[in-house]
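These are the residues of each chain, in order.
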Amino acid sequence: MTDATDLRDRALVVRERAHAPYSGFKVGAAIRDEDGAVHLGCNVENVAYPEGTCAEAGAIAAMVAAGGRRIAAAYVVADAPDPVPPCGGCRQKLAEFADADTPVVMATTDGAERRVTVADLLPGAFAADHMGRA
Ligand code: THU
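All of these numbers come straight from a predicted model, not from anything done at the bench.

Trainee: Tell me about the overall build of the protein chain, and name the residues and values.
Mentor: Within the protein chain one finds four helices and five strands. Counting from the amino terminus, the protein chain carries its helices and strands in the arrangement α-β-β-α-β-α-β-β-α. Relative to a compact globule of 134 residues, whose C-alpha radius of gyration would be 14 Å, the protein chain shows 14 Å and is just as compact. Each principal axis of the C-alpha atoms in the protein chain carries an extent, and together these give about 45 × 40 × 30 Å. For the protein chain, the proportion of its 134 residues judged to be buried stands at 37%. For the protein chain, the accessible area works out to roughly 7,300 Å², and carbon and sulfur atoms hold 53% of it. Averaged over its 13 positive side-chain charges, the protein chain has a centre that lies 2 Å from the centre of its 19 negative ones.

Trainee: Give a description of the site of the ligand that names residues and reports values.
Mentor: Lining the immediate surroundings of the ligand are Ser 23, Phe 25, Val 27, Asn 43, Glu 45, Cys 54, Ala 55, Glu 56, Pro 85, Pro 86 and Cys 87. Here an oxygen atom of the ligand and a side-chain polar atom of Asn 43 are 2.9 Å apart. Note that an oxygen atom of the ligand is positioned 2.5 Å from one of the side-chain N or O atoms of Glu 56. Protein contacts shield 76% of the accessible area of the ligand, which totals 370 Å² for the unbound molecule. Its residues placed into classes, the shell around the ligand shows seven nonpolar, two polar and two charged.

Trainee: So what's going on with the side chain of Thr 102? Which residues, and what values?
Mentor: As for its placement among the helices and strands, Thr 102 is situated in the loop between α3 (88-97) and β4 (103-108). Here Thr 102 falls in the buried class, since its relative accessible area comes to 4%. At 2.9 Å, the side chain of Thr 102 forms a polar contact with the backbone nitrogen of Asp 99. Ignoring sequence-local partners within four residues, the contact set of Thr 102 consists of Ile 71, Ala 72, Ala 73, Val 116, Thr 117 and Val 118.

Trainee: Give a description of the packing of aromatic side chains that names residues and reports values.
Mentor: Scanning all chains against the criterion turns up one aromatic pair. A centroid spacing of 5.5 Å and a plane angle of 40° characterise the contact between Tyr 22 and Tyr 49, whose relative ring orientation is tilted. Pair noted here: Tyr 22 is in the loop between α1 (3-15) and β1 (27-33) and Tyr 49 is in the loop between β2 (38-42) and α2 (55-65), with a separation of 27 residues, a long-range link. Take Tyr 49: its relative accessible area is 59%, and that puts it in the exposed class.

What counts, and where the lines are drawn
Residues numbered from 1 in each chain as written. Predicted model: local features only at pLDDT ≥ 70, side-chain atom pairs only at ≥ 80, totals over all residues. Heavy atoms only, no water. Helix = DSSP H or I, 4+ residues; strand = E, 2+ residues; numbered from the N terminus. Rg over C-alpha atoms; globule rule 2.2 N^0.38 Å. Buried < 20%, exposed > 50% of the residue type's maximum accessible area, 1.4 Å probe, protein only. Areas by Shrake-Rupley, 256 points an atom, 1.4 Å probe, with all protein chains shown as cover. Lys, Arg positive; Asp, Glu negative; His and termini not counted. Charge placed at Lys NZ, Arg CZ, Asp CG, Glu CD. Near = heavy atom within 4 Å. Polar contact = N/O pair within 3.5 Å; in protein donor to acceptor, adjacent residues only side chain to side chain. Nonpolar A, V, L, I, M, F, W, Y, C, P; charged D, E, K, R; others polar. Contact = heavy atoms within 4.5 Å. Phe/Tyr/Trp six-rings, centres within 6.5 Å; stacked < 30°, edge-to-face > 60°.

Given below as structure tokens:
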């Protein structure tokens, strides 16, 4: 199994666990960290709608909680006509833990894939060096 296939398979499995009774739109995310460990997330909605969280945010939180520090690759999948791009907030969250050229694959459950980089998703990202920090 290739690394990419592994991320896809695991994102598809975690997508099934999404709590999305309000949108009916389940999303799964799998992140591989700098050590090769894979961390998973799904969207978790709330009846107070703004309190819901995205799949990418869940996967990033799982990575940090497990001790991972950097995103080497990310995979996001949903049952949609076209590969679904991360929302604006998740683009900033991905940029916090990834390099500009870190690959992000957006995919559909049918198998369509679109591969971009974090910089493609968030050109001109606000970053620590804008505050004079390393
Ligand atoms: N959603 C994600 O989890 N990730 C994305 O990349 C796009 C949107 C979720 C949020 C909400 O639960 C549902 O999809 C509809 O917006």
